Amino acid sequence: MRCIVPWLICLVAFATPVRAQERLTVVASFSILGDLVRNVGGDLVNVTTLVGPNADVHVYTPTPADAKTIAGARLVIVNGLGLEGWLPRLVQSAGGKAAIVVASNGVAPLNLGKEADPHAWQAVGNAKIYVANIRDALAAAVPADASSFRTNAERYLAELDALDAEVRAAVKKIPPERRKVISTHNAFGYFAGAYRIDFIAPVGVSTETEPSARDVAEIIGQIKKAKIPAVFLENMSDDRLIGRIAAETGAKVGGTLFSDALTDEKGEAPTYIAMVKHNIRALTSALDR
């Protein structure tokens, strides 16, 4: 700047950029919750998931980096219903002052053996409860952004309503006597209850155990006795087991049903909505005559 009057000290006012409002730091326990949080929070939140794409939340082992991540968070969003058994000790070791938000609060839990079935998100109606809880938690954490969180949630809830209607319409096309499948992980109880497709888990098999020869024989007997028309893989299961069972029973191998994790961006189920759409397409393709 050039001074018109030499003896005056010229003051130049530099425009200081307005600092962008700091985003709310949120940790989600696993990939499906992370996607729900991103849809509600939008650009106003930074979301980190502890258990990422294609990883099994049931058997996850936390790392020291996870404790550091939680220590720096304002909110930690968890599923609850016993899913994250490893989380309480992690939160304790992390310290910090993050509020713990249980996304499944308000869900009517089903039983899985003697414990609650944690896979409530498999029914879209329950995912809507998750979204409402996430919306309220974000709004409570940052009241100034509450209207944005509510707007985002309303938009996403409308998308979930359309998704639920799509699933119900697809199931209606499947003959009632063919609405039964076998899967390697008993994760679809809520889906079964909401949409009236019977999911039968192989005896003695889950994502945490390896099947024995006796287990496989019992599974084959299950399929033959119940006349199950299709067998499905999941993203954390051994496809060799399913291939053997299908070969010996004649049941159709229906592909993969995603249960506890999303895929990465290049996969078939990078979002919750994409996951549900993939699953219902796989089911109708295998079960519809």
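Definitions and limits used
- Residues numbered from 1 in each chain as written.
- Predicted model: local features only at pLDDT ≥ 70, side-chain atom pairs only at ≥ 80, totals over all residues.
- Heavy atoms only, no water.
- Core = buried A, V, L, I, M, F, W, Y, C linked by side-chain atoms within 4.5 Å.
- Buried < 20%, exposed > 50% of the residue type's maximum accessible area, 1.4 Å probe, protein only.
- Helix = DSSP H or I, 4+ residues; strand = E, 2+ residues; numbered from the N terminus.
- Contact = heavy atoms within 4.5 Å.
- Salt bridge = Lys/Arg side-chain N within 4 Å of Asp/Glu carboxyl O.
- Expected span 1.5 Å × (residues − 1).
- Pairing = 2+ DSSP bridges.
- Right-handed = clockwise from strand over helix to strand, strands pointing away.
- Axes fitted to C-alpha atoms, helices over the stretch in contact; angles between N-to-C directions.

## Here we look at the nonpolar core
Part 1: Of all hydrophobic cores here, the largest spans 80 residues; its most connected members are L160, Y272 and L283.
Part 2: Broken down by element, this core gets its largest block of residues, 10 residues, from helix α5 (residues 146–172).
Part 3: Beyond its immediate chain neighbours, meaning those up to four positions away, Y272 contacts I32, D35, L36, W121, A123, V124, A127, Y156, L160, L163 and L262.
Part 4: Judged by nonpolar contacts, the second largest core, of 10 residues, contains I182, V216, I219 and L241.

## Points about unusual backbone geometry
Part 1: One non-glycine residue, L81, adopts positive backbone phi at about 60°.
Part 2: Examined against the element boundaries, L81 turns out to sit in the loop between β3 (75–78) and α3 (87–94).
Part 3: L81 sits in the partly exposed class, given a relative accessible area of 23%.
Part 4: Not every positive phi belongs to a glycine, and K227 is a case in point at roughly 55°.

## Things to note about the pattern of salt bridges
Part 1: Counted by the stated rule, this structure contains 6 salt bridges.
Part 2: R135 is paired through a salt bridge with D136; the nearest N and O atoms lie 2.9 Å apart.
Part 3: For R135, a relative accessible area of 21% translates into the label partly exposed.
Part 4: Two residues, E166 and K277, come together in a salt bridge whose shortest N-O distance is 3.9 Å. Of this pair, E166 sits in helix α5 while K277 sits in helix α9 (residues 272–287), placing them 111 residues apart in sequence.
Part 5: For E166, a relative accessible area of 35% translates into the label partly exposed.

## Quick word on α5
Part 1: The terminal C-alpha atoms of α5 lie 39 Å apart, and with 27 residues this matches the ideal 39 Å at 1.5 Å per residue to within 8%.
Part 2: Looking only at α5, the buried set comprises A146, F149, N152, A153, Y156, L157, L160, L163, D164, V167, A170 and V171.

## Some thoughts on the pairing of strand β7 (residues 180–183)
Part 1: Here β7 runs beside strand β8 (residues 198–200); their pairing, made up of 3 bridges, is parallel. What sits directly across from V181, in β8, is F199.
Part 2: At this point the chain moves from β7, through helix α6 (residues 189–195), to the parallel β8, and the crossover so formed is right-handed.

## Topic: the sheet that holds β3
Part 1: Taken in spatial order, the 4 strands line up as β2-β1-β3-β4 in an open sheet, and their pairing is parallel. In this open sheet, the two strands that pair with only one neighbour each are β2 (45–51) and β4 (99–102). With direction set aside, neighbouring strand axes in the sheet form an average angle of 25°.
Part 2: Running at roughly 175° to β2, helix α1 (residues 31–41) makes contact with β1 (24–30), β2 and β3 of the sheet.

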